[in-house]
Amino acid sequence: MSGVRAQQKEKTRRQLIDAALNQLSPQRSFSSLSLREVAKEAGLAPTSFYRHFTDMDELGLTLVDEAGLTLRQLMRQARQRIAKGGSVIQISVETFMEFIESNGNIFRLLLRERSGTSAAFRAAVSREIRYFTLELCDYLQQANKLDADIAYLQANAAVTIVFSAGSDALDVDDKSELKQLSIRTIQQLRFIARGAADLSSRRKAGKE
């Protein structure tokens, strides 16, 4: 019986998380949502909310954690596609753009709360972006045989470029414009990759 109750509790918790995400839009940020609105969207009484979250801030931090986890899972999916053959950078950008197209609200949440008024939210978003960057850094270090500091510089620059492209993609509806945005992003990432490879080569040759 306790297992059934636990499953129901998790299902209700999931309803609240999805309800909050579903209400985010270009016009609405998380900070503009009320507890009552989220509960109503989830089909629950407002009092039910408190069985799962102490307040809206805790729900918001949970959304940020989920967004970060989704991004890291995204990168792992890209690596699986890369393993089957193809350009590492092209596949990574295509995977990311597909994510933006189908999960715009999740990415929009990260962008907004990254520079929002809540210090707790800003810290949470920074932490998730750092996790994402470090995981990419580890991959670059192993795949390209780079020193840790060079791999981190490349990963940090790549995340900055990709997040900027993702921000632009949220406001683009035209498929041809999205294609051009992807092409530009791929080119920028290739410039960075070549720079990292060149720096690594020069260091190994004793020129740095």
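Fair warning: this is a prediction, and the values are worked out from it, not measured in the lab.

Draft legend 1. Focus on the UniProt feature "DNA-binding region" (unreviewed entry) in the protein chain. On the UniProt side, "DNA-binding region" (unreviewed entry) is annotated at positions that read residues 34–53 here. With 60% helix and 0% strand, residues 34–53 has end C-alpha atoms that lie 13 Å from one another.

Draft legend 2. Geometry of helix 6 (residues 104–114). Across the 11 residues that make up helix 6, a large majority, 8, are buried. Those residues of helix 6 not exposed but buried are Gly104, Ile106, Phe107, Arg108, Leu109, Leu110, Leu111 and Glu113.

Draft legend 3. Layout of the UniProt feature "domain: HTH tetR-type" (unreviewed entry) in the protein chain. Under the feature "domain: HTH tetR-type" (unreviewed entry), the UniProt entry names residues 10–71. Helix makes up 68% of residues 10–71 and strand 0%, and the two end C-alpha atoms of the span are 22 Å apart.

Draft legend 4. Expanded view of the layout of surface pockets. Estimated volume of the largest pocket: approximately 490 Å³. Secondary structure elements with two or more residues in the lining of the largest pocket: helix 4 (56–83), helix 5 (88–102), helix 7 (119–144), helix 8 (148–169) and helix 9 (175–204). Along the walls of the second largest pocket sit 18 residues, with Met97, Glu98, Glu101, Leu178 and Ser182 positioned nearest its centre. Going through the elements one at a time, helix 5 and helix 9 are the ones with two or more residues in the lining of the second largest pocket. Tallying contributions element by element places helix 5 first for the lining of the second largest pocket, with 7 residues. By residue class, the composition of the lining of the second largest pocket is 9 nonpolar, 3 polar and 6 charged.

Draft legend 5. How the structure looks around the side chain of Glu128. Looking at the element boundaries, Glu128 is found in helix 7. Taking relative accessible area as the criterion, Glu128 reaches 6% and is therefore assigned buried. Residues within four places of Glu128 in sequence aside, it is in contact with Val64, Asp65, Gly68, Leu69 and Arg72.

Draft legend 6. Seen up close, the nonpolar core. Of all hydrophobic cores here, the largest spans 58 residues; its most connected members are Phe30 and Leu59. Only helix 1 (2–23), helix 2 (35–42), helix 4, helix 5, helix 6, helix 7, helix 8 and helix 9 provide two or more residues apiece to this core. Here this core takes 10 residues from helix 8, the largest share from any one element. Structurally, this core is a two-domain feature, drawing no fewer than three residues from each of domain 1 (1–53) and domain 2 (56–206). Excluding residues that lie within four positions of it along the chain, Leu59 makes contacts with Leu16, Ile17, Ala20, Phe30, Val38, Phe49 and Phe53.

Draft legend 7. Just the pattern of salt bridges, in detail. As enumerated under the stated definition, the model contains 12 salt bridges in all. When the shortest N-O distance is used, the salt bridge between Asp65 and Arg127 registers 3.0 Å. On the criterion of sequence distance, the pair formed by Asp65 in helix 4 and Arg127 in helix 7 is long-range, its members being 62 residues apart. Across the salt bridge formed by Glu135 and Arg79, the nearest N and O atoms sit 3.6 Å from each other. One end of the pair, Glu135, is in helix 7; the other, Arg79, is in helix 4, with 56 residues separating them in the sequence.

Draft legend 8. Fine view of the environment of Glu135. You can call Glu135 buried: its relative accessible area is 16%. Here the alpha-carbon distance between Glu135 and Ala78, two residues 57 residues apart in the chain, equals 13 Å. Apart from the residues lying within four places of it in its own chain, the contact partners of Glu135 are Arg72, Met75, Arg76 and Arg79.

Each value, and the rule that gives it
For every chain, the first residue of its written sequence is number 1, and the numbers climb from 1 along that sequence. Owing to the predicted nature of the model, reporting of local features is limited to residues with pLDDT of at least 70; listing and counting of side-chain atom pairs is limited to 80 or more, with chain, interface and lining totals taken over all residues. Only hydrogens and water are removed before side-chain values are computed, so all heavy atoms of the structure are retained for them. UniProt positions are given in the numbering used here, feature names are shortened, and annotations may be inferred rather than shown by experiment. The helix and strand labels rest on DSSP assignments: H or I over at least four residues marks a helix, E over at least two residues marks a strand, and numbering proceeds from the N terminus. For every residue, the accessible area obtained with a 1.4 Å probe (protein chains only) is divided by the maximum for its type, and the residue is called buried under 20%, exposed over 50%, and partly exposed between those limits. Definitions used throughout: a 1 Å grid over protein atoms alone; a cavity as a set of points that fits a 1.4 Å probe which cannot get out; a pocket as an open set with protein on both sides within 12 Å along at least five of seven lines; a lining residue as one with an atom within 4 Å of a point. Grid points are joined across faces, edges and corners, and a volume is the space filled by probe spheres set on the points. Note that Gly is not counted as nonpolar here; it falls among the polar residues with everything else outside the nonpolar set of Ala, Val, Leu, Ile, Met, Phe, Trp, Tyr, Cys and Pro and the charged set of Asp, Glu, Lys and Arg. The contact criterion used throughout is that any non-hydrogen atoms of two residues lie within 4.5 Å. Here the nonpolar core consists of buried residues drawn from Ala, Val, Leu, Ile, Met, Phe, Trp, Tyr and Cys, with membership extended through side-chain atoms lying within 4.5 Å. Boundaries between domains were set according to an automatic or database domain assignment. Any Lys or Arg side-chain nitrogen located within 4 Å of an Asp or Glu carboxyl oxygen qualifies as a salt bridge.

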